[in-house]
Amino acid sequence: MPIVAIDGPAGSGKSTVARAVADRLGVAYLDTGAMYRSVAFAALRDGIDAHDGDALAKLAGNLDIELGDRVLVDGTDATAAIRGPDVTALVSTVSTHPAVRADMVRRQRQWAAEHGGGVAEGRDIGTVVFPHADVKVFLTATEAERARRRQRDDRAPDVDVVAADLARRDALDSSRTTSPLRPADDAVVIDTTGRTVDDVVTEIVGMV
Ligand code: DC
């Protein structure tokens, strides 16, 4: 079951690169951030506090998440909403809860079994979800570059606001007790600053 694990902070180019690698290899692609975002979306919908781990675990356990061209949460199209500012503000807190993570990790392993492997991207793919992945990549980029990319993608007016939000999420994602964001010991760290998507994709496909 060949697995390519791609981890890294927000704005490191993960999603674009992971999608393109999966395309080139002709294998399935899993965006695990979209899963945590779907839980945050449902928490907002149901008025559940992002700090209430028990309620969130129950919510996650019963949630129907369909990932594809569109993201369906309990049958509702949440494709745009899960990328919106309300979900982005909450998602790092929602994803600190161990029971929420355990449920997502279970689903991610099930996905791999069903698809016979593929490219999975997130924060803990190489460290926790698939510690035996065939290829592990940790993407980075300078803070300034990551903020510029996010500003462009989100068409945000102010790069400083984007940079502050990235720094806030990085701090939460890297400091949590359960599966913090960090490169696996056997991950290849690739700095994408100043490199084209194509160049990085070719490097990873070459590793595969
Ligand atoms: O990749 P993204 O920005 O869509 O991820 C959104 C949030 O989800 C991120 O800030 C932390 C969380 N996340 C996580 O904790 N573990 C993952 N494997 C993927 C995302």
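Residues numbered from 1 in each chain as written. Predicted model: local features only at pLDDT ≥ 70, side-chain atom pairs only at ≥ 80, totals over all residues. Heavy atoms only, no water.

**With respect to the packing of helix α2 (residues 32-46) against helix α4 (residues 85-94)**
Heads up, the rule is: Comment: axis = line fitted to C-alpha atoms, over the contacting stretch for helices; angle = value between 0 and 180 degrees taken between N-to-C directions. Secondary structure elements are defined from DSSP: runs of H or I of at least 4 residues count as helices, runs of E of at least 2 residues count as strands, and each element is numbered from the N terminus. Angles below 35 degrees are treated as roughly parallel, those above 145 as roughly antiparallel, those between 65 and 115 as roughly perpendicular, and all remaining angles as oblique. Note on contacts: a residue pair qualifies if any of its non-hydrogen atoms lie within 4.5 Å across the two residues. In the scheme used here, Gly and all other residues not listed as nonpolar or charged are polar, with Ala, Val, Leu, Ile, Met, Phe, Trp, Tyr, Cys and Pro taken as nonpolar and Asp, Glu, Lys and Arg as charged.
Across the interface, α2 lies against α4 with an axial gap of 8 Å and an inter-helix angle of 110°. It follows that α2 is roughly perpendicular to α4 by the angle criterion. Between α2 and α4, the contacting residues are Y36, R37, V39, A40, F41 and L44 on the first element and D86, V87, T88, L90, V91 and V94 on the second. Tallied by class, residues from the contact of α2 with α4 come to nine nonpolar, one polar and two charged.

**Observations regarding the sheet that holds strand β2 (residues 29-31)**
How we decide: Any two strands with at least two DSSP bridges between them are considered paired.
As summarised here, the arrangement of the five strands in space is β2-β6-β1-β7-β8, forming an open sheet in which the pairing is parallel. In this open sheet, the two strands that pair with only one neighbour each are β2 and β8 (188-191). Neighbouring strand axes in the sheet, compared pairwise and without regard to direction, differ in orientation by 20° on average. Judged from the three bridges that link them, β2 and strand β6 (residues 118-122) form a sheet pairing that is parallel. In the strand pairing of β6, D31 is matched with E121.

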